Amino acid sequence: MADMLPPVLLVGCGNMGGAMLDGWLKEGLAPSFIIDRHRPSVPAPHHLVRSADEVPDSFHPGMIVLATKPQKVDAVMSAIAPFALRAPVLSVLAGRRSGDLADRLTDALPAGSPMPVVIRAMPNTPSSIGQGMSVCYALPAATPTQRALCTRLLRAVGDVAWIDHEDQMDVVTAISGSGPAYVFLLAELLEETGVAQGLPPALARQIARQTVAGAGALMIQGGMDAATLRRNVTSPGGTTQQALEVLMAPDAWPAALATAVRAAARRSRELSGASPVS
Ligand SMILES: NC(=O)C1=CN([C@@H]2O[C@H](COP(=O)(O)OP(=O)(O)OC[C@H]3O[C@@H](n4cnc5c(N)ncnc54)[C@H](OP(=O)(O)O)[C@@H]3O)[C@@H](O)[C@H]2O)C=CC1
Ligand SMILES: O=C(O)[C@@H]1CCC=N1
């Protein structure tokens, strides 16, 4: 019991909340409340409720984790605000600024209540298998103990880094938050290309998936930088060089990725309500 993760009040258990919950359940999580309209069940001794109003007042979470879509969080503020006087709030919402969330919670509390502590994190879905990447930011009001608790929860599902400037969260979101989708797209396109160029579908799928997975694992386990690993595959005058001359042309992947990341970061800024910058 001593090593268990603290009880959480998880608000929203879809793709991202579910990925974190899967990781926490594997690590051992103290009895927690999960609020979600769709999740079919959670294992005992955890409790699944369909609405924030169903969480008993007697519940004392160690951390409240906000994982609804950014546009849907305001609807739960008044129900969860009383719990935010007992525990810090960890928001994984793209875009929504920590100060804005703290203000919304404060507005939902009786006048004179202390301001709840909100910590922001941008995790990603490989958290479900303990391979996540989470980047965190806290306003100065967060105590070292609250920051450590946040690190502990997110470390249980992968790597954790902290930033000192909340503005950086938009680019972080565009790279590590959305990034798994770019990698899955690479696997999809390799598979489709293999089929289009004559491979049996099952073989195209197998080689695309294992190539993406194996390359990622080699980069992490081998500790070499990505450029060295790329060069190690690229025999002078060989096949890879031909492909990379296409992909690395300035107007190909370098331009496409920079444009894509800028677009995602811009959307993150829009979700915050801030005026977009390019
Ligand atoms: N998906 C990802 O890879 C990542 C997502 N994020 C962030 O995580 C958050 C969640 O994203 P994601 O998991 O993809 O979204 P999902 O829509 O998959 O999950 C959110 C869940 O919360 C439920 N929910 C919302 N409001 C309530 C409510 N009041 N009562 C009960 N259930 C509720 C939703 O139900 P319903 O649909 O009916 O509203 C849904 O099941 C977003 O803010 C996103 O920015 C961060 C990093 C990565
Ligand atoms: O697409 C989104 O808005 C969320 C945030 C990062 C990943 N998914």
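Structure report, in brief. (Residues numbered from 1 in each chain as written. Chains lettered and ligands numbered in written order. Predicted model: local features only at pLDDT ≥ 70, side-chain atom pairs only at ≥ 80, totals over all residues. Heavy atoms only, no water.)

## Quick notes on the pattern of salt bridges
- Taken as a whole, this structure holds nine salt bridges when the rule is applied.
- Among the ionic pairs, R104 bridges to D100, the shortest N-O distance being 3.2 Å. Remark: D100 and R104 occur in helix 3 (residues 98-107); sequence separation between them is four residues, near one turn of the helix.
- In this structure, the salt-bridge partner of R120 is E166, at a minimum N-O distance of 2.9 Å. In this pair, R120 is assigned in strand 6 (residues 118-122) and E166 in the loop between strand 8 (158-162) and helix 5 (169-177), connecting sequence segments 46 residues apart.
- By relative accessible area, which is 12% here, E166 ends up buried.
- Each of D74, R96, D100 and R104 takes part in one network of salt bridges that share partners. (Salt bridge = Lys/Arg side-chain N within 4 Å of Asp/Glu carboxyl O. Helix = DSSP H or I, 4+ residues; strand = E, 2+ residues; numbered from the N terminus. Buried < 20%, exposed > 50% of the residue type's maximum accessible area, 1.4 Å probe, protein only.)

## Focus: the site of ligand 1
- With respect to spatial proximity, 22 residues lie near ligand 1, and among them M16, D36, H38, T68 and K72 are the closest.
- Between ligand 1 and P70 there is a distance of 3.5 Å, counted from an oxygen atom to a backbone nitrogen or oxygen.
- Within the backbone of A94, an N or O atom sits 3.0 Å from an oxygen atom of ligand 1.
- Here ligand 1, which alone exposes 880 Å², has 83% of that area covered by the protein.
- For the shell around ligand 1, the class distribution of residues is eleven nonpolar, six polar and five charged. (Near = heavy atom within 4 Å. Polar contact = N/O pair within 3.5 Å; in protein donor to acceptor, adjacent residues only side chain to side chain. Areas by Shrake-Rupley, 256 points an atom, 1.4 Å probe, with all protein chains shown as cover. Nonpolar A, V, L, I, M, F, W, Y, C, P; charged D, E, K, R; others polar.)

## Overview of the packing of aromatic side chains
- If you walk through the whole model with that rule in mind, you get one aromatic pair.
- Between the NZ or CZ atom of R147 and the centre of the ring of W162, over which it lies, the distance is 4.7 Å. (Phe/Tyr/Trp six-rings, centres within 6.5 Å; stacked < 30°, edge-to-face > 60°. Lys NZ or Arg CZ within 6 Å of the ring centre and 35° of its normal.)

## Points about the packing of helix 5 against helix 10 (residues 253-272)
- Close contact between helix 5 and helix 10 brings their axes to 8 Å; oriented N to C, the two are set at 130°. With respect to helix 10, the element helix 5 is oriented oblique. In this structure, the crossing between helix 5 and helix 10 has a hand that is right-handed. For the pair formed by helix 5 and helix 10, the contact residues are D170, V171, T173, A174 and I175 on the first element and V261, A264, A265, S268 and R269 on the second.
- Residues of the contact of helix 5 with helix 10, tallied by class, amount to six nonpolar, two polar and two charged. (Axes fitted to C-alpha atoms, helices over the stretch in contact; angles between N-to-C directions. Parallel < 35°, antiparallel > 145°, perpendicular 65-115°, else oblique. Left-handed = near helix turned anticlockwise from the far one by under 90°. Contact = heavy atoms within 4.5 Å.)

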